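One letter stands for each residue in the lines below.
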Amino acid sequence: MTTESLATSEAIESMTDEFLVSTSSHQEMIETVISTLQQHDTAMVQHTEKGYLWKFQYGSVEVFVQLTGESDDDFLTVWSSVLKLPVKDELGLTRKLLAMNCAETFESHFAIMNDQVVVISQRTVADLSPGEISRAITLVATVADNNDEMLRESFGGS
């Protein structure tokens, strides 16, 4: 690819992102991404005063996406549980997850939430592009689906 065509491609991608941001809400962009990833019509959405919460099946994991609102101070949070605690070797699990956080999770990471090991990504919606929404949801879903069975086999839990 030439420098000129690369610059043209980047300009088109930037204009597409700007168009989608100006014509779509974060909620609509999230629903579009989920519709491309969900399997067997598993997507569900709940709307409350705290925002929106989606849940869908991706491979062997359930993925949750929460949008607290549309203002710059609101949050997009994506997570998926991969292992319930306790496990047989918590020190070994901790070491494994820290190593994986460094090398394999990109903008997502492993964490503990409600006695579960989860893959999670969170950020404010300020300047959030459609590409970033897609990447966050896809990364969490893929990292969780690629690692849940291995972690259960290696460390127990459920």
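The sections below set out a description of the structure shown in this document. Because the structure is a prediction, the values reported are computed rather than measured.

1. Considering unusual backbone geometry
- Here L85 and P86 are connected by a cis peptide whose omega angle stands at 5°.
- The residue P86 is located in the loop between β4 (75-84) and α3 (90-103) in this model.
- Backbone geometry places F106, a non-glycine residue, at a positive phi of 55°.
- Positive phi outside glycine occurs at D115, with the angle close to 60°.
- With respect to the helices, strands and loops of the structure, D115 is situated in the loop between β5 (109-113) and β6 (116-124).

2. Describing the environment of Q38
- Following the sequence through the fold, Q38 ends up in the loop between α2 (26-37) and β1 (44-48).
- Separated by 20 residues in the primary sequence, Q38 and Y58 place their C-alpha atoms 5.8 Å from one another.
- Apart from the residues within four sequence positions on either side, Q38 is in contact with A43, F56 and Q57.

3. Considering the nonpolar core
- If you look at the biggest cluster of nonpolar residues, it comprises 34 residues, and the most contacted ones within it are I30, V65, F110 and I137.
- Looking at this core element by element, the count peaks at nine residues for helix α4 (residues 130-155).

4. Quick look at the packing of α2 against α4
- As a packed pair, α2 and α4 sit with axes 10 Å apart at the nearest point and diverge in direction by 45°. Here α4 runs oblique to α2, going by the angle between their axes. Relative to α4, α2 is oriented so that their crossing is right-handed. In contact with H26, M29, I30, V33 and L37 of α2, α4 contributes P130, I133, S134, I137 and T138.

5. Comments concerning the sheet that holds β1
- Reading across from one edge, β1-β2-β3-β4-β6-β5 is the order of the six strands in this open sheet, with antiparallel pairing throughout. Pairing within the sheet leaves two strands with one partner each, and these edge strands are β1 and β5. Taking the axes of each pair of neighbouring strands and ignoring which way they run, one obtains an average angle of 25° across the sheet.
- Relative to β6, β4 is paired through nine bridges, and the arrangement is antiparallel. The residue bridging F75 from the neighbouring strand is T124, located in β6.
- α3 rests against β4, β5 and β6 of the sheet, and its axis sits at about 140° to β5.

6. Considerations on the packing of aromatic side chains
- Counting across every chain of the model gives two aromatic pairs.
- Ring geometry for Y52 versus W54: centroids 5.5 Å apart, planes at 20°, classification stacked.
- Here Y52 falls in the partly exposed class, since its relative accessible area comes to 22%.
- Looking at W54, the relative accessible area reads 3%, which means it is buried.
- The interplanar angle of 10° and the centroid separation of 5.4 Å between the aromatic rings of F64 and W79 together place this pair among those described as stacked. Here F64, found in strand β3 (residues 61-67), pairs with W79, found in strand β4; they are 15 residues apart in sequence, far enough to count as distant.

7. Some thoughts on the side chain of T105
- You can see T105 is positioned in the loop between α3 and β5.
- We classify T105 as buried; its relative accessible area is 1%.
- Engagement of the side chain of T105 in a polar contact is seen with the backbone oxygen of N101, the distance being 3.2 Å.
- With residues up to four places along the chain from it excluded, the contact list for T105 reads M100, F110 and V143.

What counts as what
Residues numbered from 1 in each chain as written. Predicted model: local features only at pLDDT ≥ 70, side-chain atom pairs only at ≥ 80, totals over all residues. Heavy atoms only, no water. Helix = DSSP H or I, 4+ residues; strand = E, 2+ residues; numbered from the N terminus. Contact = heavy atoms within 4.5 Å. Core = buried A, V, L, I, M, F, W, Y, C linked by side-chain atoms within 4.5 Å. Buried < 20%, exposed > 50% of the residue type's maximum accessible area, 1.4 Å probe, protein only. Axes fitted to C-alpha atoms, helices over the stretch in contact; angles between N-to-C directions. Parallel < 35°, antiparallel > 145°, perpendicular 65-115°, else oblique. Left-handed = near helix turned anticlockwise from the far one by under 90°. Pairing = 2+ DSSP bridges. Phe/Tyr/Trp six-rings, centres within 6.5 Å; stacked < 30°, edge-to-face > 60°. Polar contact = N/O pair within 3.5 Å; in protein donor to acceptor, adjacent residues only side chain to side chain.

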